[in-house]
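Residue-level listing of the chains:
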Amino acid sequence: MSDGENRKVSLPPHVRAMLDPYRRVVGKDIRPQDEPTDVYASMVPAHDRPSEQQLQAIGRVATTFSLLERALGFTLGRLSLAPDFPAMALTKEIGVNFSLRAMEKLLALHHERYIGQLIPSDLLAALENMPAQIRPLKDERDIVVHTVWLRSGKDSLRGLRSRPLTASASTQTEASEYSLPELNALADTIQSTADGLFVLGQLLPEVDENSHVESLSRKALHRRPRGE
């Protein structure tokens, strides 16, 4: 048997017993000899799996979007007028969708409360364009990273549908497809967007962490209860 074939392996009795509650019951008269005694060793056989180049392109999409997420968190901290490290400790745990909504709220705050006194209007305008650029990239990243891919032709990938569908719904829903050049182009776009956002973020006012801590420490000393 060649490596490309999807070999079957026998199910031990204890495994068959664990799977028994999940077998498909098609009628009342189920005989033991009708039950499967072996299973496929892999969901996707070797000859259908993405090539090394395709896997590298998928990895590029994932890693470049991680840079974009970090640049987004950095920018949120600057817009919040907070020191970089405490802000990043919070934004690191926030999802992309929430971060983009928070970014829009903070930009509106700068427009309405600070009226361009802290951030120039052209920089605010450039930042306001970023959420609309990032959202579709996030959607594409999700598809690329979370889809089970099958090799299709020389350099194309075809995805298994992410959820069970009825036969009628299946005919109305197209499976995801990407070529190798499309994956690399997506990674390039994400990288350039991350770089652009990071540049804009660095132009925002930076809160000096040392002086900020010293100021808060002095205030804390004055607020300690008498007798300590």
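**Thoughts on helix H5 (residues 121-128)**
- For H5, the complete set of buried residues consists of Leu123, Leu124 and Leu127. With its buried residues spanning 100° around the axis, H5 presents them on a single face. Looking at H5, the residues exposed on the side facing more than 90 degrees away from the buried face are Ser121 and Asp122.
- Those residues of H5 hidden inside the fold are in contact with helix H2 (52-79), helix H4 (96-114), helix H6 (130-146) and helix H8 (180-202).

**A few points about the packing of aromatic side chains**
- Counted by the stated rule, this structure contains two aromatic pairs.
- Each ring, one from phenylalanine 74 and one from phenylalanine 198, has its centre 5.3 Å from the other, and the planes form 55°; the classification is tilted. With a gap of 124 residues between them, phenylalanine 74 in helix H2 and phenylalanine 198 in helix H8 connect regions that are remote in the sequence.
- Judged by its relative accessible area of 13%, phenylalanine 74 is buried.

**A look at the confidence of the model for the protein chain**
- The predicted model of the protein chain averages 82 in pLDDT, with 72% of residues at 70 or higher.
- Predicted confidence in the protein chain is weakest over helix H7 (residues 167-172), with a mean pLDDT of 53, and strongest over H8, with 97.

**Some remarks on the nonpolar core**
- Membership of the largest hydrophobic core comes to 34 residues, with the highest contact counts inside it found for Leu68, Leu79, Met103, Leu127 and Leu197.
- Sort the elements by how many residues they give to this core and H2 lands first, with nine residues.

**Comments concerning the side chain of threonine 147**
- Structurally, the position occupied by threonine 147 is in the loop between H6 and strand E3 (149-152).
- Classification of threonine 147 as buried rests on a relative accessible area of 18%.
- A polar contact is formed between the side chain of threonine 147 and the backbone oxygen of isoleucine 143, at a distance of 2.5 Å.
- In contact with threonine 147, other than residues within four places in its own chain, are Asp142, Gly159 and Leu160.

**As for a nonpolar patch on the surface**
- Judged by side-chain polarity, Met43, Val148 and Leu160 come together as a nonpolar surface patch covering roughly 290 Å² of accessible area.
- Here valine 148 lies in the loop between H6 and E3.
- Overall, valine 148 belongs to the partly exposed group, its relative accessible area being 35%.

**Brief notes about the packing of H4 against H6**
- The contact between H4 and H6 brings their axes to 10 Å, and the two run at 175°. As far as their axial angle goes, H6 and H4 are roughly antiparallel. Seen from H4, the contacting residues are Val96, Asn97, Leu100, Arg101, Met103 and Glu104; seen from H6, they are Met130, Pro131, Ile134, Arg135 and Lys138.
- Across the contact of H4 with H6, the residue classes tally to six nonpolar, one polar and four charged.

**Concerning the pattern of salt bridges**
- On inspection of all chains with the given rule, the structure shows eight salt bridges.
- Between arginine 60 and aspartate 188 there is a salt bridge whose closest N-O contact spans 2.6 Å. Here arginine 60 is found in helix H2, whereas its partner aspartate 188 is found in helix H8, with 128 residues between them in sequence.
- Aspartate 188 gets classed as partly exposed once you look at its relative accessible area, which sits at 44%.
- Note that arginine 78 is salt-bridged to glutamate 206, the shortest N-O span being 3.8 Å. Residue arginine 78 is located in helix H2, and its partner glutamate 206 is located in the loop between H8 and helix H9 (209-222); the two are separated by 128 residues in the primary sequence.
- According to the relative accessible area criterion, arginine 78 is buried, its value standing at 6%.
- Using a relative accessible area of 57% as the deciding quantity, one classes glutamate 206 as exposed.
- Here the salt bridges do not stand alone but share partners, grouping Glu69, Lys138, Arg141 and Asp142 into one network.

Basis of the calculations
- Residues numbered from 1 in each chain as written.
- Predicted model: local features only at pLDDT ≥ 70, side-chain atom pairs only at ≥ 80, totals over all residues.
- Heavy atoms only, no water.
- Buried < 20%, exposed > 50% of the residue type's maximum accessible area, 1.4 Å probe, protein only.
- Helix = DSSP H or I, 4+ residues; strand = E, 2+ residues; numbered from the N terminus.
- Arc of directions from axis to C-beta.
- Contact = heavy atoms within 4.5 Å.
- Phe/Tyr/Trp six-rings, centres within 6.5 Å; stacked < 30°, edge-to-face > 60°.
- pLDDT = per-residue confidence, 0-100.
- Core = buried A, V, L, I, M, F, W, Y, C linked by side-chain atoms within 4.5 Å.
- Polar contact = N/O pair within 3.5 Å; in protein donor to acceptor, adjacent residues only side chain to side chain.
- Patch = residues over 30% accessible without salt bridge, like charges linked within 9 Å, V, L, I, M, F, W, Y side chains within 5 Å.
- Areas by Shrake-Rupley, 256 points an atom, 1.4 Å probe, with all protein chains shown as cover.
- Salt bridge = Lys/Arg side-chain N within 4 Å of Asp/Glu carboxyl O.
- Axes fitted to C-alpha atoms, helices over the stretch in contact; angles between N-to-C directions.
- Parallel < 35°, antiparallel > 145°, perpendicular 65-115°, else oblique.
- Nonpolar A, V, L, I, M, F, W, Y, C, P; charged D, E, K, R; others polar.

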